[in-house]
Amino acid sequence: MSAEPAWSPRPARRDVYGRPRATLGDPTPLACTVALTAIEVVHGGDGLDSLLRWITPEVRERLARQHSLARRAGRDGGAGARILRARACRVSRDAAEIAAVAQIAGMSHAVALRLEDRAGRWVITVLDIG
């Protein structure tokens, strides 16, 4: 009588053509770039169009709304935005969450992002700025 393990290893990931695909690498550099641009957009700066490849339509809609409110309030973006620190946590093979602290115009903001593997690339599915 042979005992099989209660779990079985996950099958190899395949792309749309059936070829084996490796797990994606560290998402932290992409997350920091997106967080930096998103902070500038929320403060009225341009750059939302440069994020379209990396964000979901829902995230784009929220950023566009916040950009519009900032522009109506008379803001035109902030120079000198930067990421002070970022921490990544791989929550599964297909998802990672990043917590970052950004600074712009003398104010610090907490930024939380969730990235998911969509068709072999990281895509931001959640982006919250505090």
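Residues numbered from 1 in each chain as written. Predicted model: local features only at pLDDT ≥ 70, side-chain atom pairs only at ≥ 80, totals over all residues. Heavy atoms only, no water.

1. Considering the nonpolar core
So, point 1. Counting residues in hydrophobic clusters, the biggest one holds 26 residues, and the most contacted among them are Val34, Ile55, Leu63, Leu113, Leu115, Ile124 and Leu127.
So, point 2. Here this core gets eight residues from one element, more than from any other, and that element is helix H1 (residues 28–42).
So, point 3. Residues in contact with Ile55, not counting those within four places in the same chain, are Val34, Leu48, Arg60, Leu63, Val123 and Ile124. (Core = buried A, V, L, I, M, F, W, Y, C linked by side-chain atoms within 4.5 Å. Buried < 20%, exposed > 50% of the residue type's maximum accessible area, 1.4 Å probe, protein only. Helix = DSSP H or I, 4+ residues; strand = E, 2+ residues; numbered from the N terminus. Contact = heavy atoms within 4.5 Å.)

2. A short note on the side chain of His109
So, point 1. Here His109 is to be found in strand E3 (residues 107–118).
So, point 2. A distance of 2.8 Å separates the side chain of His109 from the backbone oxygen of Gly130, its partner in a polar contact.
So, point 3. Discounting residues that sit within four places of it in the chain, His109 has contacts with Ile39, His43, Ala100, Val101, Ala102, Ile104, Ile129 and Gly130. (Polar contact = N/O pair within 3.5 Å; in protein donor to acceptor, adjacent residues only side chain to side chain.)

3. As for the side chain of Thr125
So, point 1. Along the chain, the position of Thr125 falls in strand E4 (residues 121–129).
So, point 2. In this structure Thr125 comes out as buried when scored by relative accessible area, which is 15%.

4. Considerations on helix H2 (residues 57–72)
So, point 1. Helix length check: H2 (16 residues) gives 22 Å between terminal C-alpha atoms against 22 Å at 1.5 Å per residue, within 8%.
So, point 2. Within H2 the residues assigned to the buried category are Val59, Leu63, His67 and Ala70. Along H2, the residues classed as buried sweep out an arc of 70° about the axis, all on the same side. Of the exposed residues in H2, those oriented more than 90 degrees away from the buried face are Pro57, Glu58 and Arg72.
So, point 3. Packing partners of the buried residues in H2 comprise H1 and E4. (Expected span 1.5 Å × (residues − 1). Arc of directions from axis to C-beta.)

Purely geometric numbers; function is a separate question.
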